[in-house]
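What the coordinates show
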Amino acid sequence: MKRAGLLLLAVAPVATVAVYLLGGDSDSDAAAGPHGPGTQRPYDKDKSADEIKADDKLIASLPPGLATPAKKELAQKLVTSAENSTLNWRGQYGYIEDIGDGNGYTAGIIGFCTGTNDLLTLVERYTKDHPDNGLARYLPALRKVDGSDSHEGLDPGFTKAWKAEAQKPAFQKAQDRTRDRVYFDPAVRLAKLDGLGTLGQFIYYDAMVLHGPGTGPRGFYGLREAALKEANTPAQGGKEKAYLDIFLDVRTKAMKEKKAHRDTTRVETAQRQFLYDGNLALKTPLTWKVYGETFKVP
């Protein structure tokens, strides 16, 4: 997922995000995989079934970290402060807008996009369980515009239909499930395997949201690989602070290469500040700034 906001002005940004399930960025070489977008686990691709089983056992033995309900709630507030300039992430289910980033409509709690496959996948899965939903009639158009910024077949009714459907608890749960399946769960899993604590797990999650779960040079997995060339993870014997500092350096470099997210305050005056404060457990209270706006969680 990629925030695409042209946020170089000293004003509060509008809600903006986008996602690249097929590679994190338009120049990525990653593919969605045989089981559909977001279901692949690139870090497991060379592992045997026994190795994956051992990983599962290790993760089960670790503290839940960011996966605890309170920390997950905090994580979503942190992400939404950067994506939507608010802590009210639950108020974003009905958000939908074309922000002019080349990805068509951006919508929902994590910025599902009509041009980057995840919105299509969300609606397809939702329609399997709720075939009479108000978005189902747009599936042919969504398939046609996937991979582009086109609105063909969507205007003028799609935005209204999205907002109406977003009032339904079932569609809200569908958005939650897609967020977890594609972004949150893979990020937290890999962070734990890398030996990272709660802050590191959030840093991975936010990177997955912003850059997308791709293996290209600006996708999440590509950024992690770049960081590994400069520092060892704690699981490899490295220091947690040092590794996360390098990972954030790699992130900000990638962000500055793209006009849509050259403002790196979500890293520099939030995540890196937590890191330099030594708050590896992401304990509250927290105060941070994004795009010049101050947020607090007591």
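Attention here is on the structure that accompanies the text. All figures in this text were calculated on a predicted structure; none of them were measured in a lab. (Residues numbered from 1 in each chain as written. Predicted model: local features only at pLDDT ≥ 70, side-chain atom pairs only at ≥ 80, totals over all residues. Heavy atoms only, no water.)

1. Let's talk about the packing of aromatic side chains
Any two aromatic rings considered together are summarised by their centre-to-centre distance and by the angle between their planes. This model, assessed by the stated rule, comprises 14 aromatic pairs. With centroids separated by 5.1 Å and ring planes inclined at 45°, the aromatic side chains of Y204 and F247 adopt a geometry described as tilted. In this pair, Y204 is assigned in helix 7 (residues 198-211) and F247 in helix 9 (residues 240-256), connecting sequence segments 43 residues apart. Take Y204 and F247: they sit in the same class, and that class is buried. (Phe/Tyr/Trp six-rings, centres within 6.5 Å; stacked < 30°, edge-to-face > 60°. Helix = DSSP H or I, 4+ residues; strand = E, 2+ residues; numbered from the N terminus. Buried < 20%, exposed > 50% of the residue type's maximum accessible area, 1.4 Å probe, protein only.)

2. Structural notes on the sheet that holds strand 3 (residues 112-113)
Read from one edge of the open sheet, 3 strands run 1-2-3, paired in antiparallel fashion. Looking at which strands have only one partner, the edges of the open sheet turn out to be strand 1 (96-98) and strand 3. As paired elements, strand 1 and strand 2 (residues 105-107) share 3 bridges and run antiparallel to each other. Within the sheet, the bridge partner assigned to E97 lies in strand 2 and is T106. (Pairing = 2+ DSSP bridges.)

3. Remarks on the pairing of strand 4 (residues 286-290)
Residues of strand 4 alternate between two faces, with L286, W288 and V290 buried on one and T287 and K289 left unburied on the opposite face. The pairing of strand 4 with strand 5 (residues 293-297) spans 5 bridges and is classified as antiparallel. Across the sheet, residue L286 finds its bridge partner in strand 5, namely V297. Hairpin connection between strand 4 and strand 5: a loop of 2 residues separates the two successive antiparallel strands, and Y291 in this loop has a positive phi of roughly 55°.

4. Describing the packing of helix 1 (residues 49-61) against helix 6 (residues 169-193)
For the pair helix 1 and helix 6, interaxial distance at closest approach is 10 Å and the crossing angle is 90°. Regarding the angle of helix 1 to helix 6, the classification is roughly perpendicular. Across the interface between the two elements, I52, D55, D56, L58 and I59 from helix 1 touch R189, K192 and L193 from helix 6. Residues belonging to the contact of helix 1 with helix 6 are distributed by class as follows: 4 nonpolar, no polar and 4 charged. (Axes fitted to C-alpha atoms, helices over the stretch in contact; angles between N-to-C directions. Parallel < 35°, antiparallel > 145°, perpendicular 65-115°, else oblique. Contact = heavy atoms within 4.5 Å. Nonpolar A, V, L, I, M, F, W, Y, C, P; charged D, E, K, R; others polar.)

5. Brief notes about the nonpolar core
Of all hydrophobic cores here, the largest spans 73 residues; its most connected members are L142, F158, W162, Y204, Y205, L282 and W288. Setting aside residues no more than four positions away along its own chain, Y205 makes contact with L66, A75, Q76, V79, I110, R179, Y183, F184 and A187. (Core = buried A, V, L, I, M, F, W, Y, C linked by side-chain atoms within 4.5 Å.)

6. Focus on the environment of G219
By the element assignment, G219 lies in the loop between helix 7 and helix 8 (220-228). Judged by its relative accessible area of 0%, G219 is buried. Along the chain, G219 and A207 lie 12 residues apart, while their C-alpha atoms are 8.6 Å from each other.

7. Considering the environment of A270
Note that A270 resides in helix 10 (residues 265-276). Separated by 188 residues in sequence, A270 and A82 place their C-alpha atoms 9.6 Å apart. The contact partners of A270, leaving out residues within four places of it in the chain, are T265, W288 and K289.

8. A word on empty space enclosed by the protein
Tallied over the full model, the rule gives 1 cavity of 30 Å³ or more. Of the volumes computed, that of the largest cavity is approximately 50 Å³. Residue lining of the largest cavity: L78, S81, A82, F202, D206, R266, A270, Q271, W288 and V290, and that is the complete set. Every element with two or more residues in the lining of the largest cavity is listed here: helix 2 (69-84), helix 7, helix 10 and strand 4. Grouping the constituent residues of the lining of the largest cavity by class yields 6 nonpolar, 2 polar and 2 charged. (1 Å grid on protein atoms, 1.4 Å probe; cavity = no way out; pocket = protein on both sides within 12 Å on 5 of 7 lines; lining within 4 Å. Points joined across faces, edges and corners; volume = space filled by probe spheres on them.)

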